[in-house]
Amino acid sequence: MHITAIGVLASVFMIASWAQSAPGGADTHREAYTAVALSTGGPRTSPVAAQLEIVIERWSTDAERQRLLDALPRGQDAMLETLRDLPTAGYIQNPPALAWDLHYAHAVPGDEGGRRIFLATDRPIGIWEAIHRPRLIDYPFTFIELRVDEEGDGEGKLSRATKIIASKDGRLVELERYATQPVDLTEVRRSN
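Heads up: these notes are all about the structure in this document. This structure is a prediction, so every number in the text was calculated from the model and none was measured. (Residues numbered from 1 in each chain as written. Predicted model: local features only at pLDDT ≥ 70, side-chain atom pairs only at ≥ 80, totals over all residues. Heavy atoms only, no water.)

### Topic: the sheet that holds strand β5 (residues 104–109)
Moving on, step 1. Across the sheet, 9 strands lie side by side as β4-β3-β2-β1-β11-β8-β7-β6-β5; this open sheet has antiparallel pairing. Strands with a single pairing partner mark the edges of an open sheet, and in this sheet they are β4 (100–102) and β5. The mean inter-strand angle of the sheet, taken between neighbouring strand axes irrespective of direction, is 25°.
Moving on, step 2. Where strand β6 (residues 115–122) and strand β7 (residues 141–148) come together, 8 bridges link them in antiparallel fashion. The residue bridging Thr121 from the neighbouring strand is Thr142, located in β7.
Moving on, step 3. Along the sheet, helix α3 (residues 76–85) contacts β5, β6 and β7; its crossing angle with β6, the most-contacted strand, is approximately 95°. (Pairing = 2+ DSSP bridges. Helix = DSSP H or I, 4+ residues; strand = E, 2+ residues; numbered from the N terminus. Axes fitted to C-alpha atoms, helices over the stretch in contact; angles between N-to-C directions. Contact = heavy atoms within 4.5 Å.)

Written out as structure tokens, the structure reads:
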């Protein structure tokens, strides 16, 4: 498996969920999901299909979300630094590989019921990428958006190198172009 494919799989380990109120502002209700990550590959990568496990152990607080939104105008480096400072929200794993910590988990109601779940973390930077510094090194984080129904079934997208933006109303942190992300998450199922 190519280094880039491994990076894509590590990136897929970030998936967030529904923001509920709880003491202290963060929800500690655990949710677990499974998904299949699919990528058609590219000039330097092979196609990838991998099973993922996503576990959300706590939801990010409104204050944590606001910290990320406040960091966006200062650039991607400020966003990354802020993201790394947030407490662990869960993990993503491609069994039997090691799990990758999630630092952001947030959810909102979906357009047609269900939820939109947003997950984010920093991403591993390989030796080749660190040396050759391709354009994607300017986006050193992984972001996942899931769109699930009331039962927790649905689909999603994973981006390991795209621009993260604020939503039009300025209340959400989201992918710049959901429809064009290179890794599809299919067969998303809530497993608990």
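After presenting the structure, the write-up continues.
### Some words on the environment of Arg171
Moving on, step 1. Checked against the element boundaries, Arg171 lands in the loop between β9 (164–166) and β10 (173–175).
Moving on, step 2. In this structure Arg171 comes out as exposed when scored by relative accessible area, which is 52%.
Moving on, step 3. Taking the C-alpha atoms as reference points, Arg171 and Arg65, separated by 106 residues in sequence, lie 8.5 Å from one another. (Buried < 20%, exposed > 50% of the residue type's maximum accessible area, 1.4 Å probe, protein only.)

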